[in-house]
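What the coordinates show
What follows is the residue order along each chain.
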Amino acid sequence: MSNKKIADRYQIVSKLGEGAYGKVYLAEDLKNKNQKVAVKQLKSSSVEEGVPISSLREISLLKELNHINIVKLMDVVHLQNNIVLVFEYVETDLKIMLKKNNNKGLEPKLYKSFLYQLLKGIQHIHRMKILHRDIKSENLLISKDNKLKITDFGLARGYGLPIKNFRNDVVSLWYRAPDILLGNENYERSVDMWSIGCIFAEMVNGSIIFKGFSEKEQIRKIFEILGTPTEKTYPMYMEYSEWKKETWEVYYPKNLKEVLPTLSDDGIDLLKKLLELDPEKRITAADALQHPFFKDLDEETKKLYDN
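What you see is a predicted model, and the numbers here were worked out from it, not measured in a lab. Numbers given for residues are sequential positions, taken from 1 along each chain in its written order. Given that the model is predicted, a residue must reach a pLDDT of at least 70 before its local features are reported, and side-chain atom pairs must reach 80 or more before they are shown or counted; all residues, however, enter totals for whole chains, interfaces and linings. The basis for every side-chain value is the complete set of non-hydrogen atoms in the structure, without hydrogens or water.

Once that is clear, we can look at the overall build of the protein. Numbered from the N terminus, helices here are DSSP runs of H or I no shorter than four residues, and strands are runs of E no shorter than two. Along its length, the protein carries eleven helices and eleven strands. By principal-axis analysis of the C-alpha atoms, the protein measures approximately 65 × 45 × 35 Å. Looking at the protein as a whole, 52% of its 307 residues are labelled buried. For the protein, restricting intrachain contacts to residue pairs at least 6 apart in sequence, the fraction spanning at least 24 positions comes to 63%. Of the accessible surface of the protein, which amounts to about 15400 Å², a share of 47% is contributed by carbon and sulfur atoms. Residue exposure (1.4 Å probe, protein chains only): buried if accessible area is under 20% of the type maximum, exposed if over 50%, otherwise partly exposed. Any two residues having at least one pair of non-hydrogen atoms within 4.5 Å are treated as being in contact. Each accessible area is a Shrake-Rupley estimate made with a 1.4 Å probe; only the visible protein chains count as cover when residues are assessed.

What follows is the structure in structure tokens.
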């Protein structure tokens, strides 16, 4: 697709990546002073069968969402045998940034800013009664001036509707909450808050905190650090469909300070609230933003992201 023009407006420069439903290219907007944009072209096979529901949902939701910490959908181009989404161009993502840093973690001032921005973006999404359901490092874009923007709303879904039972095969494995892994289908905001906790730990340590290669191993990795639920501590786990199919090894909770030794006491407290095994007790984005962990974040930074 190199050197190709789209609708005589967007000049393709290079390929940025490829996802489940299509390829993403860097392009220039010829009608707007050659401004850089990201162009997502759906796979032709997908279009022949109709536009994927995930893409329709992404278009619909992004038209509703307007926030500095959410990637902006700038244009939707309908071609004869294709559909193209045009987004603002953001230079990199958190996964790439961590890799370039040799997986050593970020500086405290930087990860505190990124966490604050992520929470502000999610707070806005949740206020709009939307669940993202796929928060992971590669879905968090980072601009050259360290602005964080949430992207990829293919799995997003409105909540608070009469339909209560959601899919539980959502969220990339390493960022998926244990209650969902075990069959919980009646979840709301807590699904995203768990993922944010995983992102927080990843930014601090530079590595995935729970890294399993199957659903059962993923659950075990979580229990190894947070402890195995019991009927006394987390009785709701006994009711999850997948819990009943296995006999789970008993692990006792570790001190999170041993897992993330460089994280401050306030940071450890916030992380515990994000990685709460009980989804009903998991902290909300609004409450997390008021946590003492952010007390030394300068007011100008906070005002920048108030939207």
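Once the structure has been displayed, the description carries forward.
Salt bridges, as used here, are contacts in which a Lys or Arg side-chain nitrogen is within 4 Å of a carboxyl oxygen on Asp or Glu. Scanning the entire structure with this criterion turns up 19 salt bridges. For E18, the salt bridge is made with K15, and the minimal N-O distance between the two is 3.3 Å. K15 gets classed as partly exposed once you look at its relative accessible area, which sits at 46%. Between D134 and K136 there is a salt bridge; the shortest N-O distance is 4.0 Å.

In this description, a line fitted to the C-alpha atoms serves as the axis of each element, helices being fitted only across the stretch in contact, and the angle between N-to-C directions of two axes falls anywhere from 0 to 180 degrees. Running from amino to carboxyl end, helix 4 (residues 108–127) crosses helix 6 (residues 190–205) at an angle of 170 degrees, the nearest separation of the two axes being 10 Å. With respect to helix 6, the element helix 4 is oriented roughly antiparallel. Residues Y111, F114, L115, L118, L119, I122 and H126 of helix 4 form the contact with helix 6, whose participating residues are D192, M193, I196, I199, F200, M203 and V204. For the contact of helix 4 with helix 6, a count of residues per class yields twelve nonpolar, one polar and one charged. Working definition: roughly parallel below 35 degrees, roughly antiparallel above 145 degrees, roughly perpendicular at 65 to 115 degrees, and oblique for all remaining angles. We call Asp, Glu, Lys and Arg charged. Ala, Val, Leu, Ile, Met, Phe, Trp, Tyr, Cys and Pro are nonpolar, and the rest, Gly among them, are polar.

Next up on the list: the packing of aromatic side chains. Aromatic rings from Phe, Tyr and Trp, with only the six-membered ring used for Trp, were paired whenever their centres fell within 6.5 Å, and each pair was classed as stacked if the ring planes differed by under 30 degrees, edge-to-face if by over 60, and tilted otherwise. Enumeration over the complete set of coordinates arrives at twelve aromatic pairs. Ring geometry for Y234 and Y237: centres 6.0 Å apart, planes at 70 degrees, overall edge-to-face. Definition used: whenever NZ (Lys) or CZ (Arg) falls within 6 Å of the ring centre and also within 35 degrees of the ring normal, the charge is taken to sit over that ring. Cation over ring: K112 sits above F293, and NZ or CZ is 4.4 Å from the ring centre.

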